[in-house]
Amino acid sequence: MIFYGVEGICIAAIGISIILVLIVIYYGVSTVTQIIKKERKFGCYKTQAMISIVFVVGLWTIYALCLYELPKLLFNGLPWGEVLGQIRMIVPAMIAGSCAVILFSIYYVLIIWFPKSGEKLIFPLSILTIASGLGYSLIMLIITKALSDTPEPKTYLSVYFIMSIAVYISGQRIIRAKMIDLANEMVYQKRTELVSRILNTSFNKFESIENEKIFATLNNDTEVISDSVRDIVTVITSVVALVFCFIYLGFMNIKALALSIVFILCAVCLQYSVNNHANKIYEQTRDIQNVFFKFINDLVLGFKELSLHKQRKRDFKKDFEINCYEYKVKRSNAELLFSNGYILGQLLIYFVIGASVFLFPVLLSKIQMSTIRNYVFIFMFMVAPISNIIDLMPRAI
C-alpha cells in the first residue's frame, strides 16, 4: 500500500524535470553566449560570489541527504534495495530532479555574477516563487509528521526541515529583493513616460486636463503599480503552498478534503464579499482625493487672491473642510469594513477548524483521530496563505 501511486508520481516528476532542464539549457546557453560577446560583464563582489558558491554547494549537500533519507520519509524506513525492487522509476526520477536542481542553480549563479541591465528575470523568479511556496508547505508537512503518534525517533526529518526552511527563506529573500528593484524600475519608467507624454501634448489639450488628475496619476496610480508587482509574489507563493497542502490532505482522506474545500470556499466567498465592498468605498475616496489635490493647487496658485478677499477665503475653507470630512467618513467606513472582514475571516477560520473536529467524526465514521489532528494542524498553517489571497483579490479585480 505504501507504494501505491508512487510510480505515477515518479513519471510525472521526470516529465516536469525534463521540461525544466530543457528551459534552463536554453536560457543557460543564451547567458553564456552573452557573456562571451561581452554583453554581460562580471558585476558581483568577491564576497558575494563566495557566499553564493558556499550556499549552492550546501544546498546540494542537503538535497543529497534528503534523497538518501527518502525511504524513511515515504516508505516506513524500508531499505533502498527493497524500494528499488518495487519502484523502477524512482532512480530516473531522482536523476532527472537532481539534474534540474543543479542546472538551475548554476544558471542562476551565472546571471547573478554576470547581470544584464534591464533584465527582468521572469523565468528564474517564477521558479523560485514556486519553490518557495513548496518550501513553505513542506515545513508544515514535516512538522506534522514529526508530531505523529509513532514512538520511533524522527531525527532524519531535521534534514528535510532544514532544506525546507533554506528553500523558503532564501527564495523569499531573493524574490522580494528583485521585485523591489523591478517595482521601482516600473514606477520610474511609468512616471518618465507620463511626463514625456504630457510635455509632448499640445497646450490646448493640456488645458483641458484637470491638474488634480495629473497629480493623482503621477503619484498614487504609479504607486499602485509598484504594490501590484510585489503582491504577485505573495499570491503565487500562497497558491503553491495551498495546492501542496490540499494534495497532502487528499492523500490522508479524500472525503475529508472535499468537505474541507466546501467549508473553506464558503468562508472565502463570504470574506471576499466584505473586502470587495470595502475596496469599492476606497475607490470613492480616490475621487474625493482628486478634489483634495484641486484644493491644494488652488491654495498654492491662488493664495494672493484668497488673502485679498476674506469672503472667498471663508468659502474656500468651508469647501475644503467639507471635502476633508467626506474623505474621513469614506475612509473610516472602508477601514471599518476591512476590520470587520478580518474579524469575520478569523471567525470563519475557527469555524472550519471546529467543523473538522466536531463534524468530521459524525459525517465520516471511519476517519481516525490522528487524521483529524493532522487536518487541524495543517489548517492552522493555511491561515496565512488563505488570508493573503483574500486580501489581494479585490485589488486584483
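Quick notes on the rules
- Residues numbered from 1 in each chain as written.
- Predicted model: local features only at pLDDT ≥ 70, side-chain atom pairs only at ≥ 80, totals over all residues.
- Heavy atoms only, no water.
- Helix = DSSP H or I, 4+ residues; strand = E, 2+ residues; numbered from the N terminus.
- Buried < 20%, exposed > 50% of the residue type's maximum accessible area, 1.4 Å probe, protein only.
- Areas by Shrake-Rupley, 256 points an atom, 1.4 Å probe, with all protein chains shown as cover.
- Core = buried A, V, L, I, M, F, W, Y, C linked by side-chain atoms within 4.5 Å.
- Contact = heavy atoms within 4.5 Å.
- Axes fitted to C-alpha atoms, helices over the stretch in contact; angles between N-to-C directions.
- Parallel < 35°, antiparallel > 145°, perpendicular 65-115°, else oblique.
- Left-handed = near helix turned anticlockwise from the far one by under 90°.
- Nonpolar A, V, L, I, M, F, W, Y, C, P; charged D, E, K, R; others polar.
- Salt bridge = Lys/Arg side-chain N within 4 Å of Asp/Glu carboxyl O.
- Phe/Tyr/Trp six-rings, centres within 6.5 Å; stacked < 30°, edge-to-face > 60°.
- Patch = residues over 30% accessible without salt bridge, like charges linked within 9 Å, V, L, I, M, F, W, Y side chains within 5 Å.
- pLDDT = per-residue confidence, 0-100.
- Expected span 1.5 Å × (residues − 1).

A.B. asks: Please clarify how the overall build of the chain should be interpreted in this entry.
C.D. replies: Of the regular secondary structure elements, the chain holds 14 helices and zero strands. Every one of the 397 residues in the chain was classed for burial, and the buried ones make up 37%. Total accessible area on the chain stands at roughly 24000 Å², and carbon and sulfur atoms take up 68% of it.

A.B. asks: Is there a simple way to think about the nonpolar core in this case?
C.D. replies: Side chains of nonpolar character tend, in soluble globular proteins, to be buried together. Core analysis: the biggest nonpolar cluster contains 27 residues, and Phe360, Phe379 and Met382 have the highest contact counts within it. If you list the elements that add at least two residues to this core, you get α6 (122–146), α9 (211–252), α10 (254–301), α12 (310–358) and α14 (369–396). A total of ten residues in this core trace back to one element, the largest contributor, which is α14. Beyond its immediate chain neighbours, meaning those up to four positions away, methionine 382 contacts Leu242, Cys245, Phe246, Leu249 and Ile264. Judged by nonpolar contacts, the second largest core, of 21 residues, contains Cys10, Leu73, Phe75 and Leu157.

A.B. asks: Can you help me understand the packing of helix α1 (residues 6–36) against helix α5 (residues 90–113) in this one?
C.D. replies: Each pair of packed helices gets described by two things: the angle between the helix axes and the distance between those axes. The contact between α1 and α5 brings their axes to 8 Å, and the two run at 25°. Between α1 and α5, the interaxial angle falls into the category roughly parallel. Read as a crossing pair, α1 and α5 show a hand that is left-handed. Between α1 and α5, the residues in contact are Cys10, Ile14, Ser17, Leu20, Val21, Val24, Ile25, Tyr27, Gly28, Thr31, Val32 and Ile35 and Ile90, Pro92, Ala93, Ala96, Gly97, Cys99, Ala100, Leu103, Phe104, Tyr107, Leu110 and Ile111, respectively. The residue makeup of the contact of α1 with α5, split by class, is 20 nonpolar, four polar and no charged.

A.B. asks: Just checking my understanding: could you explain the pattern of salt bridges for this structure?
C.D. replies: Oppositely charged side chains are able to pair whenever their charged atoms sit close together. Per the counting criterion, the structure on display carries one salt bridge. Between lysine 72 and glutamate 69 there is a salt bridge, with its nearest N and O atoms 3.3 Å apart.

A.B. asks: I tried to follow the packing of aromatic side chains on my own but got confused; where do I start?
C.D. replies: One pair of aromatic rings is described through two measures. These are the centre distance and the angle between the planes. Inspection of the entire model under this criterion finds ten aromatic pairs. With 6.2 Å between their ring centres and 45° between their planes, tyrosine 107 and phenylalanine 123 make a pair best called tilted. Highlighted residues: tyrosine 107 in helix α5 and phenylalanine 123 in helix α6, separated in sequence by 16 residues. The buried category is assigned to phenylalanine 123, whose relative accessible area is 13%. Taking the centre distance of 5.5 Å and the plane angle of 55° together, the rings of tyrosine 136 and tyrosine 168 count as tilted.

A.B. asks: Which parts of the structure should I look at to understand the packing of α5 against α6?
C.D. replies: At a closest axis distance of 11 Å, the pairing of α5 and α6 adopts a crossing angle of 130°. The angle between the axes of α5 and α6 places the two elements in the oblique class. Here α5 runs over α6; the crossing is left-handed. Only Phe123, Pro124, Ile127 and Leu128 of α6 make contact with α5, whose side of the interface consists of Phe104, Tyr107, Tyr108 and Ile111. Taken together, the residues that form the contact of α5 with α6 break down as eight nonpolar, no polar and no charged.

A.B. asks: Help me understand a nonpolar patch on the surface, please; the structure alone is not making it clear to me.
C.D. replies: Nonpolar side chains collect at one region of the surface, where Met50, Ile53, Val57, Trp60, Val101, Ile102 and Ile106 lie side by side and expose about 540 Å² of accessible area between them. Looking at the nonpolar patch, the elements that each hand over two or more residues are α2 (46–68) and α5. Examining the composition of the nonpolar patch, we find that four residues originate from one element, α2, more than from any other. Mapped onto the elements of the fold, isoleucine 106 is located in helix α5.

A.B. asks: Hey, could you run me through the side chain of serine 238 in this one?
C.D. replies: Locating serine 238 in the fold gives a position in helix α9. With residues near it in sequence (within four places) discarded, serine 238 still touches Pro385, Asn388 and Ile389.

A.B. asks: Explain unusual backbone geometry here, please?
C.D. replies: Glycine aside, a negative phi is what most residues show, and trans is what most peptide bonds show. For lysine 38, which is not glycine, the phi dihedral falls at a positive 65°. Position of lysine 38 among the secondary structure elements: in the loop between α1 and α2. Taking relative accessible area as the criterion, lysine 38 reaches 62% and is therefore assigned exposed.

A.B. asks: Looking at this model, I keep getting lost on the confidence of the model for the chain. Mind explaining?
C.D. replies: Detailed reading of predicted coordinates is not advised where the pLDDT is low. Taken residue by residue, the chain gives an average pLDDT of 78. The fraction at 70 or more is 83%. Here helix α8 (residues 203–207) stands out as the least confident element of the chain, with mean pLDDT 67; α5 is the most confident, with 91.

A.B. asks: Where do I start with α1 in this structure?
C.D. replies: Each α-helix turn comprises 3.6 residues. Residues three or four places apart therefore point the same way. The end-to-end C-alpha distance of α1, which contains 31 residues, comes to 44 Å, matching closely the 45 Å that a straight helix rising 1.5 Å per residue would cover. By the burial criterion, the buried members of α1 are Val6, Cys10, Ile14, Ser17, Leu20, Val21, Val24, Gly28, Thr31, Gln34 and Ile35. The elements touched by buried residues of α1 are α5 and α6.

A.B. asks: What's the story with the side chain of glutamate 69 in this structure? I'm lost.
C.D. replies: Here glutamate 69 shows up in the loop between α2 and α3 (70–74). When its relative accessible area of 15% is taken as the criterion, glutamate 69 is described as buried. With residues up to four places along the chain from it excluded, the contact list for glutamate 69 reads Tyr156 and Tyr160.

A.B. asks: I keep staring at the environment of aspartate 181 and nothing clicks. Help me out?
C.D. replies: Turning to its location among the elements, aspartate 181 is positioned in helix α7 (residues 157–199). Sequence separation of aspartate 181 and lysine 120 is 61 residues, and the distance between their C-alpha atoms is 9.5 Å.

A.B. asks: Before we go on, may I ask you to explain the environment of glutamate 82 in this structure?
C.D. replies: Structurally, glutamate 82 can be placed in helix α4 (residues 80–86). Spatially, the C-alpha atom of glutamate 82 lies 9.6 Å from that of proline 71, the residues being eleven residues apart in sequence.

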